[in-house]
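Below, each chain spelled out in residue letters.
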Amino acid sequence: MSVETFSLQNIDLSMTEKAIRHFNRQLQNRDESAVRLTVKESGCSGFMYEMDFVNEAEPEDQVFTFDNINLFVSKQALPILQGTEIDFVTEGVNSNIQFNNPNAKAMCGCGESFTL
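Residues numbered from 1 in each chain as written. Predicted model: local features only at pLDDT ≥ 70, side-chain atom pairs only at ≥ 80, totals over all residues. Heavy atoms only, no water.

*Asks:* It is not clear to me how unusual backbone geometry should be interpreted in this structure. Could you clarify?
*Replies:* Working note: non-glycine residues mostly have negative phi, and peptide bonds are mostly trans. Phi at Asp67 is positive, roughly 55°, even though this residue is not glycine. The topology assignment puts Asp67 in the loop between β5 (61–66) and β6 (69–74). (Helix = DSSP H or I, 4+ residues; strand = E, 2+ residues; numbered from the N terminus.)

Written out as structure tokens, the structure reads:
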């Protein structure tokens, strides 16, 4: 499995080829042209990833580019996401985005939120 890494201001994020292909397919069928990633205080464990399809970055976003995918990341989330690999995983008939975040100490039982 190949992984594309992008480093910016000492923040390393990576996206697997599977995730890049997934986002390329998703963006082909939408009016939006990019993906935005934020981390919100929520869920049963404390923090939750939130991804949206968008056309423009927010003023506080940092832009990462993987192949031709623009990923806008909230600057507030950058320390939490340091070293994170974004993957697209298929298990049986289910497929989803998976965040392999070395900063997450634990995930909730449903897999929707994490603690630091």
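*Asks:* I keep staring at the packing of aromatic side chains and nothing clicks. Help me out?
*Replies:* Both the distance between ring centres and the angle between the ring planes are used here to describe each pair of aromatic rings. Considering all chains together, one arrives at two aromatic pairs under this definition. Here the aromatic rings of Phe23 and Phe53 are separated by 6.5 Å at their centres, their planes lie at 65°, and the arrangement is edge-to-face. Placement of the pair is Phe23 in helix α1 (residues 17–28) and Phe53 in strand β4 (residues 46–54), with a sequence separation of 30 residues. Seen from their ring centres, Tyr49 and Phe99 are 4.0 Å apart, and the 20° between their planes marks the pair as stacked. Of this pair, Tyr49 sits in strand β4 while Phe99 sits in strand β8 (residues 94–100); the two residues are 50 residues apart in sequence, bridging distant segments of the chain. Note on accessibility: Tyr49 and Phe99 belong to one class, buried. (Phe/Tyr/Trp six-rings, centres within 6.5 Å; stacked < 30°, edge-to-face > 60°. Buried < 20%, exposed > 50% of the residue type's maximum accessible area, 1.4 Å probe, protein only.)

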